[in-house]
Amino acid sequence: MRGFGWGNWQSDGLMVGSTGQNRRIEALHIKPDGETDVVVHVKEIGNKEYKNIKKDTLIGTTGQNRRLEAIRITGKESFYLYRVHQKSIGWSEWGNNGERAGTTGKGLQMEALEIKKSMFSVEPHVQSKGWLSPKAAENVIGITGHALRLEAIRINPYGKTIKAKVHIQSKGWVDYGMITKDTIIGTVGEKKRIECLCFEGDFEYRVHIQSSGWTDWTKADGVATLGTVGQELRIEAIQFR
């Protein structure tokens, strides 16, 4: 940090840097969880890419008075969430693995950064939208408020054990057993809604149902189900914690 030097190590979403002090971040060390690539946007240099970083990889510059303005973190074995605090803007939205957090072309310094690891990532297939980009499981997966059915999801478990069953319009229950990142839970191209879900894993989840909204959080014990059967109601979104 400008005028301060290296700060202390933080982890699990805790903040590095400062807010309210007009103090730019100039460089970072990030200890990765598995293979991780980082891109930062540096004043007067532009984007700098760092492949397969290590704990001692110097990301940015020291002694050159160059601010960091944006960052993109891409994990191959982990799915990262991160956000930055910028001068005049405040905190950004949480960026998902591979997305940019921060701004470029506005000359705004990054003053603080928070990074955490998601449980796993989820890719939804939504009516009339198709496949949407992967999001952290902790986010809302799907679209609410637009009467669009969730037709399929694809989960990258990142080493976790997850089992899934789903009740599909006109098909009934389909048991996928232990899923992989390539398992398509639901259907694609058949215009069929997901109506009910059942998961087994070390997490809780909830679903957003047509007309009634969000359910309560429910433990993924392989027995409890969320959604409806026989009521012709679509699930529109899902969220995990």
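For every chain, the first residue of the written sequence is number 1, and numbering continues from 1 along that sequence. Local features in this predicted model are restricted to residues of pLDDT 70 or higher, and side-chain atom pairs are both shown and tallied only at a pLDDT of 80 or more, whereas totals for entire chains, interfaces and linings draw on every residue. Values reported for side chains reflect all heavy atoms of the structure, with hydrogen atoms and water molecules removed beforehand.

**Some remarks on the nonpolar core**
Line of reasoning, step 1. Core analysis: the biggest nonpolar cluster contains 30 residues, and Ile-155, Phe-199, Tyr-205 and Phe-240 have the highest contact counts within it.
Line of reasoning, step 2. Comment: elements are numbered from the N terminus, with helices defined as DSSP H or I runs of at least four residues and strands as E runs of at least two. Secondary structure elements with two or more residues in this core: strand S12 (121-126), strand S16 (150-156), strand S17 (163-168), strand S20 (194-209) and strand S24 (235-240).
Line of reasoning, step 3. Counting residues per element, this core draws most heavily on S20, which supplies seven residues.
Line of reasoning, step 4. Leave out the neighbours within four places in its chain, and Phe-199 touches Ile-153, Ile-155, Ile-162, Lys-163, Ala-164, Tyr-205, Ala-220, Asp-221, Gly-222, Ile-238 and Phe-240.
Line of reasoning, step 5. Of all hydrophobic cores here, the second largest spans 19 residues; its members include Val-38, Ile-59, Ile-71 and Val-84. Buried Ala, Val, Leu, Ile, Met, Phe, Trp, Tyr and Cys residues that are joined via side-chain atoms within 4.5 Å together make up what is termed a nonpolar core. Whether a residue is buried, partly exposed or exposed follows from its accessible area with a 1.4 Å probe, protein chains only, as a fraction of its type maximum: under 20%, in between, or over 50%, in that order. Contacts are assigned to residue pairs that have any heavy atoms within 4.5 Å of one another.

**Observations concerning the environment of Gly-142**
Line of reasoning, step 1. Inspection of the secondary structure puts Gly-142 in strand S15 (residues 141-142).
Line of reasoning, step 2. Sequence spacing of Gly-142 and Gln-239 is 97 residues, and the spatial spacing of their C-alpha atoms is 8.9 Å.
Line of reasoning, step 3. Once you skip the residues sitting within four places of it in the chain, Gly-142 turns out to touch Pro-124, Val-126, Glu-236 and Ala-237.

**Focus on the pattern of salt bridges**
Line of reasoning, step 1. By definition, a salt bridge exists where a carboxyl oxygen of Asp or Glu is found within 4 Å of a side-chain nitrogen of Lys or Arg. Throughout the structure, instances matching the rule amount to 17 salt bridges.
Line of reasoning, step 2. A salt bridge links Glu-44 to Arg-66; the nearest nitrogen and oxygen atoms lie 3.0 Å apart. Here Glu-44 is found in the loop between strand S3 (36-42) and strand S4 (46-50), whereas its partner Arg-66 is found in the loop between strand S5 (59-60) and strand S6 (68-75), with 22 residues between them in sequence.
Line of reasoning, step 3. Its relative accessible area of 19% is what places Arg-66 among the buried residues.
Line of reasoning, step 4. Ionic pairing is found between Lys-135 and Glu-99, a salt bridge with its closest N-O pair at 3.2 Å. You can see Lys-135 sitting in strand S14 (residues 135-136) and its partner Glu-99 sitting in the loop between strand S9 (95-96) and strand S10 (100-102), a full 36 residues away along the chain.

**Quick look at the sheet that holds S4**
Line of reasoning, step 1. The pairing criterion for strands is at least two bridges between them, as found by DSSP. The sheet built from four strands is open, its strands ordered S4-S3-S6-S10 with antiparallel pairing. Since the sheet does not close on itself, it has two edges, and those belong to S4 and S10, each with one partner. Neighbour to neighbour, the strand axes of the sheet diverge by 20° on average, direction disregarded. Inter-axis angles, ranging from 0 to 180 degrees, are taken between N-to-C directions of lines fitted to C-alpha atoms, where helices are fitted over the stretch in contact.

**Considerations on unusual backbone geometry**
Line of reasoning, step 1. Of note in this structure, Asn-22 is not a glycine but carries a positive phi near 55°.
Line of reasoning, step 2. Secondary-structure assignment places Asn-22 in the loop between strand S1 (15-17) and strand S2 (27-28).
Line of reasoning, step 3. The phi torsion at Tyr-158 lies on the positive side, around 45°, for a residue other than glycine.
Line of reasoning, step 4. Along the chain, Tyr-158 falls in the loop between S16 and S17.
Line of reasoning, step 5. Of the residues examined, Tyr-158 reaches a relative accessible area of 22% and is grouped as partly exposed.

**Here we look at the pairing of S16**
Line of reasoning, step 1. Counting buried positions along S16 yields five of seven residues, so the element is predominantly enclosed.
Line of reasoning, step 2. Looking at chain direction, S12 and S16 are connected through six bridges and run antiparallel. The partner of Val-122 across the bridge, within S16, is Ile-155.
Line of reasoning, step 3. Summarising the sheet, S16 and strand S19 (residues 185-186) pair through two bridges and their orientation is antiparallel. Note that in S19 the partner of Ala-152 across the bridge is Gly-186.

**Some points on the environment of Leu-58**
Line of reasoning, step 1. As for its placement among the helices and strands, Leu-58 is situated in the loop between S4 and S5.
Line of reasoning, step 2. The exposure class assigned to Leu-58 is partly exposed, which follows from its relative accessible area of 36%.

**Some words on the side chain of Lys-192**
Line of reasoning, step 1. You can see Lys-192 is positioned in the loop between S19 and S20.
Line of reasoning, step 2. The charged-residue count follows a simple rule in which Lys and Arg add positive charge and Asp and Glu add negative charge, with His and chain termini not counted at all. Within the buried core, Lys-192 has no salt-bridge partner, and the shortest N-O distance to an opposite charge, that of Glu-190, equals 4.8 Å.
Line of reasoning, step 3. Any N or O atom pair separated by 3.5 Å or less is treated as a polar contact, with the protein-specific requirement of one donor-capable and one acceptor-capable atom, and with residues adjacent in sequence counted only for side-chain atom pairs. A polar atom in the side chain of Lys-192 sits 2.7 Å from the side chain of Ser-170.
Line of reasoning, step 4. Among all residues touching Lys-192, those that are not within four sequence positions of it are Arg-149, Leu-150, Glu-151, Ile-168, Gln-169, Ser-170, Lys-171 and Thr-187.

**A few points about the state of the cysteines**
Line of reasoning, step 1. We call a pair of cysteine sulfur atoms a disulfide whenever their separation is within 2.5 Å. On inspection of all chains with the given rule, the structure shows zero disulfides.
Line of reasoning, step 2. A disulfide-free cysteine, Cys-196 has its sulfur positioned 7.8 Å from the sulfur of Cys-198, the nearest such atom.
Line of reasoning, step 3. Residue classification places Cys-196 among the buried positions, given a relative accessible area of 2%.
Line of reasoning, step 4. The class for Cys-198 is buried, based on a relative accessible area of 2%.

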